[in-house]
Structure formats: structure tokens, C-alpha cells
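Reading the structure
Each chain, letter by letter, is given below.
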Amino acid sequence: LEVTGDQPRVAWQHDLPAAFDGKAPQWGYACSPLVVGDDVIVQPGGRKGAVVAFDKHTGGVRWTAGKNPAGYSSPVATTVLGVKLVYALTGDALLCLRADGEVMGTYPWPTRFEGNIASPVVLDDYVFISAAYGAGCALLRVRPDGDRVRLTEVSARRNKALRTHHSTPVAVGRHLYGFDTEEGRLTCFSVVDRVPVEAWDAAGVRKGTLIAAGGHLVVLTQTGDLILVEATPEEYRPVATVPLGFAGQQNWAHPVLVDGRLYVRGPDRLVCLDVRP
């Protein structure tokens with residue numbers, strides 16, 4: 001969109017399934033566009049482009065990559081070994097792309113219902129992916145390969161924690177915090193050991209979303225409770241709980257922290273909390 005005066009207008013638009021010979025996922029498109037320089041990168045899924053970069057000014061296609069079906073994950077940009085990369089988790093595989101769209105590596109990750117929802121988590125030259133529906137999780141590493149890079153598997157835990165559904169886990173140091181859907185609880189996962197931390201028991205915090213901020217986790221449960229938790233792998237240490245009273249059992253929007261204000265959205269309303277010291 002562009003804003004002229006007080007009125008926005010459409011600068012450009014695309015019908016993704018029609019343009020790239022694909023189909024919308026069962027529960028609709030959920031990919032958040034990723035802006036990298038002049039590129040707007042999205043994941044339409046299709047035989048003419050699983051991942052596509054548009055010129056942000058004109059809407060013209062700058063590059064396409066892959067022929068995979070669409071999932072629900074969003075692409076992530078990073079720089080590894082001096083190479084600018086984009087990770088895109090499609091409905092059935094992780095694509096490691098150079099910033100110009102060239103495929104550097106592909107890691108098959110089939111999931112029931114093509115339900116890859118959580119975005120890849122970048123940890124230096126490692127990348128972590130996970131999914132529910134019995135899929136499990138995998139840790140991969142980018143290795144140098146001449147003037148290119150290649151994607152290599154470090155470990156894969158099929159149908160074992162961490163199995164995330166709609167919420168992407170967050171990294172604090174060498175630990176990941178996220179919801180394991182199959183066990184139904186908030187979990188601390190050791191990247192070094194590649195297993196959940198047994199001493200970290202958040203029983204009762206079954207499903208939701210979370211962000212990391214200031215050495216803490218800000219957790220929104222799907223039942224509408226806001227929980228502040230210390231981001232330490234030693235044990236589960238809740239600091240405070242605020243019942244927000246949201247309607248329903250699917251409060252899945254991530255909290256957003258901007259300039260000392262925390263925005264939390266439920267099905268029926270948006271709440272803003274002042275968390276400045």
C-alpha cells in the first residue's frame with residue numbers, strides 16, 4: 001500500500017496461487033512477508049515458485065525458487081560465513097537460499113497436513129526447525145562449500161520434543177523455549193544436548209505463544225493468561241501472571257513489545273500494558 005494524503009491506495013498486488021501455479025494451504029496463507037533490501041519475500045507455494053521475491057517498489061518478480069507446496073511458516077534472513085541467506089520452511093522441506101534466490105540446500109521435512117507453521121530459528125551457523133502433528137524437530141548447520149554453502153544435518157528427533165504447533169520457539173543463549181504440542185506444555189530445550197531440560201517443569205502452561213525480552217519470557221497462553229517467566233534453564237521460574245480474560249481457547253497471536261509498551265491481542269480485543277521501569 002501507498003498513502004496519498006490521508007488515503008491508502010494499492011501500489012501493486014498478486015494472486016499468488018494463480019501466478020505461481022499453486023494452491024492456498026488448507027487453513028489459508030499465514031506467511032508474513034520478509035523485506036530484505038528492495039525484496040519482499042513470500043512463500044506462495046507452487047510449481048512456478050515455492051518462494052518468491054518481489055520488487056518492493058514495483059511488485060515485479062525478482063526471483064523464484066523451489067516447487068514445494070506452501071506451509072504456514074515465514075521466511076527468515078541471516079548472514080552465515082559471509083553469505084546472505086534466506087531460510088524458508090515450506091509444506092514439506094526447508095530451503096536454504098542465497099539472497100538472490102539460488103538454492104544452496106534442501107532438507108526434506110514432510111509434516112501431516114503440510115503443517116509446518118513455526119519459522120526457522122537461526123543460531124549463528126545453525127538453524128532449528130520444528131513442527132507438531134508428530135513431526136518433531138531438527139538441528140542443521142551451514143558448512144562452507146567452495147564459493148557456496150551447504151546444509152548439513154546435525155540431529156533429527158522425529159516425533160520427539162520439541163514439537164511446536166503455531167508458535168515459533170525463542171532462543172536465549174543456547175536454549176530454546178517453546179511449546180511442545182504433543183506433551184502439551186511449555187518446554188526448555190538444550191541446543192547443545194538436543195533434548196529438553198528435565199528440571200524445567202512448566203506443567204499447566206499447555207499451549208500459547210511467547211517472546212523473549214530483558215532476560216525474561218513473555219508468555220500468552222491460549223486461554224488468555226499473560227505470564228512473565230525468567231529465561232533461565234535452571235528451572236521454571238514464573239514471576240507474575242496477569243489473567244487477561246480473553247474469549248475462547250485459541251489466543252494464538254504473539255505479544256508485541258514496542259518502546260516499553262506490551263501489546264497483546266485476543267479474539268475480542270487488544271490490550272496495551274505499560275511495562276516501562
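Described below are features of the structure shown in this document. A quick note: this is a predicted structure, and the numbers were derived from the prediction, not measured.

Residue placement: P108 occurs in strand β10 (residues 103–108). When the C-alpha positions of P108 and G248 are compared, they lie 35 Å apart, and in sequence the two are 140 residues distant. Apart from the residues lying within four places of it in its own chain, the contact partners of P108 are D92 and A93.

Applying the stated rule across the entire model yields 16 salt bridges. A salt bridge links E230 to R237; the nearest nitrogen and oxygen atoms lie 3.4 Å apart. The exposure class assigned to E230 is partly exposed, which follows from its relative accessible area of 30%. Residue class for R237 comes out partly exposed when judged on its relative accessible area of 26%. The partner of D274 in a salt bridge is R276, and the shortest N-O contact between them spans 2.6 Å. What you see here is one network of salt bridges that share partners, running through R98, D100, E102 and R148.

In this structure, the amide linkage connecting A161 to the following residue, L162, adopts the cis form with an omega of 25°. Assignment of secondary structure puts L162 in the loop between β14 (148–158) and β15 (170–172). A positive phi is found at R194, a non-glycine position, where the angle reads about 60°. By secondary structure assignment, the location of R194 is in the loop between β17 (185–190) and β18 (195–196). Exposure remark for R194: the relative accessible area of 29% places this residue in the partly exposed category.

Taken in spatial order, the four strands make up an open sheet running β19-β20-β21-β22, and their pairing is antiparallel. Every other strand in the sheet has two partners, leaving β19 (208–213) and β22 (238–243) as the edge strands with one partner each. Each adjacent strand pair in this sheet contributes to an overall mean axis angle of 15°, direction not counted.

Our next topic: the layout of surface pockets. Using a probe with the size of a water molecule, rolled over the atoms, empty space left in the structure can be pinpointed. Here the largest pocket defines a volume of roughly 380 Å³. Forming the walls of the largest pocket are 15 residues, and the residues nearest its centre are A30, Y72, I117, H166 and W252. Taken together, the residues of the lining of the largest pocket sort by class into seven nonpolar, eight polar and no charged.

Turning our eyes to something else, we now look at the nonpolar core. Ranked by size, the top nonpolar core spans 19 residues in total, and within it L85, Y87, L94, Y107, W109 and L151 carry the most contacts. Within the residue set of this core, elements represented by two or more residues are β8 (83–89), β9 (93–98), β10, β12 (126–131), β13 (136–145) and β14. Among the elements that line this core, the one with the most residues is β8, at four residues. Beyond its immediate chain neighbours, meaning those up to four positions away, Y87 contacts P75, V76, T78, V80, L94, L95, C96, P120, V122, V127, V142 and L151. In terms of nonpolar packing, the next biggest core, distinct from the first, is built from 16 residues, V170, F179, L186 and I227 among them.

Our focus in this paragraph is the sheet that holds strand β11 (residues 121–123). The sheet built from four strands is open, its strands ordered β11-β12-β13-β14 with antiparallel pairing. On the outer flanks of this sheet lie β11 and β14, each paired with one strand and no other. Strand-to-strand, the axes of this sheet are offset by a mean angle of 25°, without reference to chain direction. With 10 bridges connecting them, β13 and β14 associate as antiparallel partners. Bridge pairing in β14 places L140 opposite E153.

Calculation criteria
Residues numbered from 1 in each chain as written. Predicted model: local features only at pLDDT ≥ 70, side-chain atom pairs only at ≥ 80, totals over all residues. Heavy atoms only, no water. Helix = DSSP H or I, 4+ residues; strand = E, 2+ residues; numbered from the N terminus. Contact = heavy atoms within 4.5 Å. Salt bridge = Lys/Arg side-chain N within 4 Å of Asp/Glu carboxyl O. Buried < 20%, exposed > 50% of the residue type's maximum accessible area, 1.4 Å probe, protein only. Pairing = 2+ DSSP bridges. Axes fitted to C-alpha atoms, helices over the stretch in contact; angles between N-to-C directions. 1 Å grid on protein atoms, 1.4 Å probe; cavity = no way out; pocket = protein on both sides within 12 Å on 5 of 7 lines; lining within 4 Å. Points joined across faces, edges and corners; volume = space filled by probe spheres on them. Nonpolar A, V, L, I, M, F, W, Y, C, P; charged D, E, K, R; others polar. Core = buried A, V, L, I, M, F, W, Y, C linked by side-chain atoms within 4.5 Å.

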